[in-house]
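# Structural overview for review
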Amino acid sequence: MHVAILMIHVAIAIALVALILLQQGKGAEAGAAFGGGASQTVFGSRGSGTFLYRATALLAVCFFATSLTLAWFASQAGEATPDIGVPDAEVIEQQQNNTAPTLDESPSDVDNTAPVLEESGN
């Protein structure tokens, strides 16, 4: 589910970029109003509720919805992380309070003999 929403999120982001680049800026309308010849009214031939504007608004809402959904998935995954060997603060405090580590064996129990290699007579 997480991967599907992530793929939809990326597709929406690409579509948003494409739609924004296709739209004309406000400067183009002002230039057309002062003798561009392509305008039908003072404010330009394009109204405020065109298809590109509405499609961009819809995609922006979908982008925010998928962003919030992905953030929710990330927060849920953060709560369920397995123990990866990082000690808790209590364990670290206990280790710092101990002055020296304790040995399970006494020094008399340790075998100090090392293995000896035999020499061969060549």
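Remember, predicted model here, so these are calculated numbers, not experimental data. (Residues numbered from 1 in each chain as written. Predicted model: local features only at pLDDT ≥ 70, side-chain atom pairs only at ≥ 80, totals over all residues. Heavy atoms only, no water.)

Helix and strand content of the protein chain: four helices and zero strands. Secondary structure elements of the protein chain occur, N-terminal to C-terminal, as α-α-α-α. Counting only residues that meet the buried cut, the protein chain has 11% of its 122 residues in that class. Carbon and sulfur atoms make up 63% of the accessible area of the protein chain, which amounts to about 10,600 Å² in all. (Helix = DSSP H or I, 4+ residues; strand = E, 2+ residues; numbered from the N terminus. Buried < 20%, exposed > 50% of the residue type's maximum accessible area, 1.4 Å probe, protein only. Areas by Shrake-Rupley, 256 points an atom, 1.4 Å probe, with all protein chains shown as cover.)

The end-to-end C-alpha distance of helix 1 (residues 2-22), which contains 21 residues, comes to 30 Å, matching closely the 30 Å that a straight helix rising 1.5 Å per residue would cover. Along helix 1, the residues that are buried comprise I5, H9, I12, L16 and L19. One side of helix 1 carries all its buried residues, which in axial view fall inside an arc of 95 degrees. Within helix 1, the exposed residues directed more than 90 degrees away from the buried face are V3, M7, I14, L21 and L22. (Expected span 1.5 Å × (residues − 1). Arc of directions from axis to C-beta.)

Along the chain, the position of T66 falls in helix 3 (residues 51-79). With relative accessibility at 11%, the residue T66 sits in the buried group. A polar contact is formed between the side chain of T66 and the side chain of H9, at a distance of 2.6 Å. Here T66 is in contact with I5, I8, H9 and I12, once residues within four sequence places are set aside. (Polar contact = N/O pair within 3.5 Å; in protein donor to acceptor, adjacent residues only side chain to side chain. Contact = heavy atoms within 4.5 Å.)

Turning our eyes to something else, we now look at the nonpolar core. Among the nonpolar cores identified, the biggest contains five residues, and these are I12, L16, L19, A55 and L59. Looking at this core, the elements that each hand over two or more residues are helix 1 and helix 3. The residues contacting I12, other than those within four sequence positions of it, are L59, C62, F63 and T66. (Core = buried A, V, L, I, M, F, W, Y, C linked by side-chain atoms within 4.5 Å.)

This part takes up a nonpolar patch on the surface. A surface patch of nonpolar side chains, amounting to about 260 Å² of accessible area, comprises L6, V10 and I14. By secondary structure assignment, the location of L6 is in helix 1. L6 sits in the partly exposed class, given a relative accessible area of 37%. (Patch = residues over 30% accessible without salt bridge, like charges linked within 9 Å, V, L, I, M, F, W, Y side chains within 5 Å. Salt bridge = Lys/Arg side-chain N within 4 Å of Asp/Glu carboxyl O.)

Right, let's get into the UniProt feature "transmembrane region" (unreviewed entry) in the protein chain. Summarizing the sequence annotation, UniProt attributes the feature "transmembrane region" (unreviewed entry) to residues 51-74 in the numbering used throughout. Split by type, residues 51-74 is 100% helix and 0% strand. Its first and last C-alpha atoms lie 34 Å apart. (UniProt positions renumbered as here; feature names shortened; annotations may be inferred.)

Turning our attention to the side chain of H9. Tracing the backbone through its elements, the reader meets H9 in helix 1. Assessed through its relative accessible area of 14%, H9 is described here as buried. Discounting residues that sit within four places of it in the chain, H9 has contacts with F63, T66, S67 and L70.

Another aspect to go through is the environment of F63. With respect to the element layout, F63 can be found in helix 3. Judged by its relative accessible area of 24%, F63 is partly exposed. Residues contacting F63, with those up to four places away along its chain left out, are H9, I12, A13 and L16.

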